[in-house]
Amino acid sequence: MPSKSPRDSRQAARLLEPGPVVLVTAQFRSQPNVMTAAWVIPLSLDPPRVGVAIHPSRFTHELVTRGELFVLNVPTLELIDAVHRCGIVSGREFDKFLQAGLHPVDALAVDVPVIEECAAHIECGLVERLTLGDHDLFVGEVLAVSADDELFTDRWQISDDSPLIHHVALDLYAGLSRPYTARPEREEDEED
Ligand SMILES: Cc1cc2nc3c(=O)[nH]c(=O)nc-3n(C[C@H](O)[C@H](O)[C@H](O)COP(=O)(O)O)c2cc1C
């Protein structure tokens with residue numbers, strides 16, 4: 001396994017900046033579960049907070065509500081089949097860690113496992129649950145962050161290929177193909 005190191009909690013926003021799909025882990029009374037989520041958002045740098053929208057029908061909704069902790073694990077492209085599986089079956093019926101070949105290991109700060117195979121982990125304590133529509137927004141205070149030292153320095157290392165998985169629709173996913181650096185405003189732009 002590649003080495004991962006603890007990071008400043010403010011890096012949670014950078015880890016989520018390109019909008020990757022995540023695997024949410026949660027646990028209540030020693031029963032852990034993992035669920036795929038695409039609706040994930042950085043919410044605040046100080047205090048560091050992130051959000052994930054979870055439908056009330058999901059087992060994960062119940063576990064986060066009861067356990068008041070969750071982890072956003074950031075998977076890489078090799079995990080695409082596992083990511084899809086964790087998004088189409090429920091932990092109420094199956095042990096998804098076993099089914100998807102994912103290994104739960106101890107987190108740095110919370111009593112919820114992180115997924116060993118993922119490149120980064122954002123460990124959160126539940127601050128608030130907001131009902132905004134058919135999904136609820138779970139707001140998490142970031143308690144610890146760790147990330148793969150090669151893939152993430154102070155940002156994701158995107159060269160020709162991105163290691164991250166992005167959800168397009170249904171069973172369709174995409175990667176980012178290359179980075180573009182924005183130039184400062186040019187003079188001709190200012191004349192417009
Ligand atoms: C790519 C993908 C993204 C998903 N994103 C979300 C999401 O952001 N929020 C949500 O509530 N469900 C989302 N789902 C659906 C859940 O992952 C799915 O219902 C899962 O089976 C729930 O698992 P659980 O019952 O074990 O919690 C997504 C599914 C896929 C395949």
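If you check an unreviewed UniProt entry, the protein chain appears there as Flavin reductase family protein from Thermalbibacter longus. The annotation that UniProt attaches to the protein chain under Cofactor (unreviewed entry) is "FMN". Taken from UniProt, the Sequence similarities (unreviewed entry) comment for the protein chain reads in full: "Belongs to the flavoredoxin family."

Draft legend 1. Focus on the overall build of the protein chain. A count of helical and extended segments in the protein chain gives five helices and 12 strands. Here the protein chain has a C-alpha radius of gyration of 17 Å; the compact-globule value for 192 residues is 16 Å, and the two agree. If you line up the protein chain on its principal axes, its C-alpha atoms span 60 × 35 × 35 Å. When each of the 192 residues of the protein chain is scored for burial, the buried share is 44%. Contacts spanning at least 24 positions in sequence make up 66% of the contacts within the protein chain whose residues lie at least 6 apart. For the protein chain, the exposed area adds up to about 10500 Å²; of that, 49% sits on carbon and sulfur atoms. Positive and negative side-chain charges in the protein chain, numbering 16 and 32 respectively, have mean positions lying 5 Å apart.

Draft legend 2. Here's a closer look at the site of the ligand. Contacts to the ligand come from 22 residues, most closely from T36, T60, V89, S90 and G91. Between the ligand and H55, the relevant distance is 2.9 Å, taken from an oxygen atom to a main-chain nitrogen or oxygen of the residue. Here T60 contributes a side-chain N or O atom positioned 2.6 Å from an oxygen atom of the ligand. Protein chains bury 90% of the 650 Å² of accessible surface belonging to the ligand in isolation. For the shell around the ligand, the secondary-structure elements that each account for two or more residues are strand 3 (31-37), strand 5 (48-54) and helix 2 (59-67). Per-element tally for the shell around the ligand: the top contributor is strand 3, with four residues.

Draft legend 3. Up close: the environment of A26. Mapped onto the elements, A26 comes out in strand 2 (residues 22-28). For the pair A26 and V110, spaced 84 residues apart in sequence, the C-alpha separation works out to 10 Å. In this structure, A26 is in contact with Q31, P32, N33, T60, L63, V64, L69 and V112, ignoring residues within four places of it in sequence.

The rules behind each value
- Residues numbered from 1 in each chain as written.
- Predicted model: local features only at pLDDT ≥ 70, side-chain atom pairs only at ≥ 80, totals over all residues.
- Heavy atoms only, no water.
- UniProt positions renumbered as here; feature names shortened; annotations may be inferred.
- Helix = DSSP H or I, 4+ residues; strand = E, 2+ residues; numbered from the N terminus.
- Rg over C-alpha atoms; globule rule 2.2 N^0.38 Å.
- Buried < 20%, exposed > 50% of the residue type's maximum accessible area, 1.4 Å probe, protein only.
- Contact = heavy atoms within 4.5 Å.
- Areas by Shrake-Rupley, 256 points an atom, 1.4 Å probe, with all protein chains shown as cover.
- Lys, Arg positive; Asp, Glu negative; His and termini not counted.
- Charge placed at Lys NZ, Arg CZ, Asp CG, Glu CD.
- Near = heavy atom within 4 Å.
- Polar contact = N/O pair within 3.5 Å; in protein donor to acceptor, adjacent residues only side chain to side chain.

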